[in-house]
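Reading the structure
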Amino acid sequence: MIKLYGHEISGNSYKARLMLSLLNLEYEWVRVDLMKGEHKSPEYLAMNPFGQVPLLIDDETQLADAQAILVYLARKYGGEQWFPTDALPMAQVVRWLSTAAGEVRQGTENARLFYLFGAGTKINIERATEKSHFILKQLDQHLSTRTWLECDHPTIADVAIYPYISLAKDGKIELDAYSHVLSWMERFQKLSGYVPML
């Protein structure tokens, strides 16, 4: 049985939950109470020295980092549909994994952290807001000529980007000006196996 360690309002934990559900995989959810610092406990750090969620355990495999978990699940259980192996489409998908860990993190993820978790002393909200609108404009333009981020069908690129874009309002980032992003989100929510955030 696959185990997923995470927290219900962590967008990165949500990425892993989404992928497991889209692949129709059974798993055990193990809640890590971030507010109580369980992710920094000696027991958890022994499994994931980075002290972050999510953490996936699949038999003997222990894997941290949301983007890495998406790659692992797609390659092991999802095949070409979710993560192509040909050079160019693979590179195009990986680009969005990098964007999720870069621009999206610096933008909508940080804005959400600022307002939802009171991380005000660590996050420059003006910069996070500016970065949010930058990546949203890029996404909206990209999606103006396509249905999915790459490959003309859903891939882990979409799964990596969707959570923190769909949660943008938590960071006081409005999406009304980004019609192509909103349409893409609606399509994503209609996928078989889609689940909302806990």
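Please refer to the structure higher up on the page.
Residues numbered from 1 in each chain as written. Predicted model: local features only at pLDDT ≥ 70, side-chain atom pairs only at ≥ 80, totals over all residues. Heavy atoms only, no water.

The subject of this paragraph is the pattern of salt bridges. Oppositely charged side chains may form a pair once their charged atoms are brought near each other. Using the criterion set out here, one finds 6 salt bridges in the structure. With its nearest N and O atoms 2.8 Å apart, the salt bridge here joins E8 to R31. Here E8 is found in the loop between β1 (2-6) and α1 (11-22), whereas its partner R31 is found in strand β2 (residues 27-31), with 23 residues between them in sequence. E8 sits in the partly exposed class, given a relative accessible area of 21%. For R31, a relative accessible area of 42% gives the class partly exposed. Residue E109 is joined to R105 by a salt bridge in which the shortest nitrogen-to-oxygen separation is 3.3 Å. Of this pair, E109 and R105 both sit in helix α4 (residues 87-117), 4 residues apart, which is roughly one turn of that helix. (Salt bridge = Lys/Arg side-chain N within 4 Å of Asp/Glu carboxyl O. Helix = DSSP H or I, 4+ residues; strand = E, 2+ residues; numbered from the N terminus. Buried < 20%, exposed > 50% of the residue type's maximum accessible area, 1.4 Å probe, protein only.)

If you trace the 4 strands from one edge of the open sheet to the other, you get β2-β1-β3-β4, paired in mixed fashion. At either margin of the open sheet sits one strand with a lone partner, and together these are β2 and β4 (61-64). Strand-to-strand twist in this sheet, taken as the mean axis angle between neighbours without regard to direction, amounts to 15°. Bridging between β1 and strand β3 (residues 55-58) involves 3 bridges; their strand directions are antiparallel. Residue pairing across strands places Y5 opposite L55, the latter belonging to β3. Against the sheet, α1 contacts β1, β2 and β3, and its axis sits at roughly 155° relative to β1. (Pairing = 2+ DSSP bridges. Axes fitted to C-alpha atoms, helices over the stretch in contact; angles between N-to-C directions. Contact = heavy atoms within 4.5 Å.)

The residue R187 is located in helix α7 (residues 179-189) in this model. With relative accessibility at 26%, the residue R187 sits in the partly exposed group. In this structure, the C-alpha to C-alpha distance between R187 and T147, residues 40 residues apart in sequence, is 8.3 Å. Here the side chain of R187 touches T147 through a polar contact of 2.8 Å, landing on its backbone oxygen. (Polar contact = N/O pair within 3.5 Å; in protein donor to acceptor, adjacent residues only side chain to side chain.)

Moving on, we come to the layout of surface pockets. In this structure, the largest pocket spans a volume of roughly 830 Å³. As for the largest pocket, its lining consists of 33 residues, of which N12, Q52, R105, E109 and L113 are closest to the centre. At 8 residues, α4 tops the list of elements feeding residues into the lining of the largest pocket. Its residues assigned to classes, the lining of the largest pocket shows 15 nonpolar, 11 polar and 7 charged. (1 Å grid on protein atoms, 1.4 Å probe; cavity = no way out; pocket = protein on both sides within 12 Å on 5 of 7 lines; lining within 4 Å. Points joined across faces, edges and corners; volume = space filled by probe spheres on them. Nonpolar A, V, L, I, M, F, W, Y, C, P; charged D, E, K, R; others polar.)

Think of a pair of aromatic rings as described by two things: how far the centres are apart, and how the planes are tilted against each other in angle. In this structure the tally under the stated criterion is 8 aromatic pairs. Pairing F114 with Y115 gives two aromatic rings, centres 4.9 Å apart and planes at 80°, and the pair type is edge-to-face. With relative accessibility at 21%, the residue F114 sits in the partly exposed group. Taking the centre distance of 6.0 Å and the plane angle of 90° together, the rings of F188 and Y194 count as edge-to-face. What makes F188 buried here is its relative accessible area of 0%. Linked through ring pairs, Y14, Y162, W184, F188 and Y194 together constitute an aromatic cluster. Seen from the ring of W148, R187 lies directly overhead, with NZ or CZ sitting 6.0 Å from the centre. (Phe/Tyr/Trp six-rings, centres within 6.5 Å; stacked < 30°, edge-to-face > 60°. Lys NZ or Arg CZ within 6 Å of the ring centre and 35° of its normal.)

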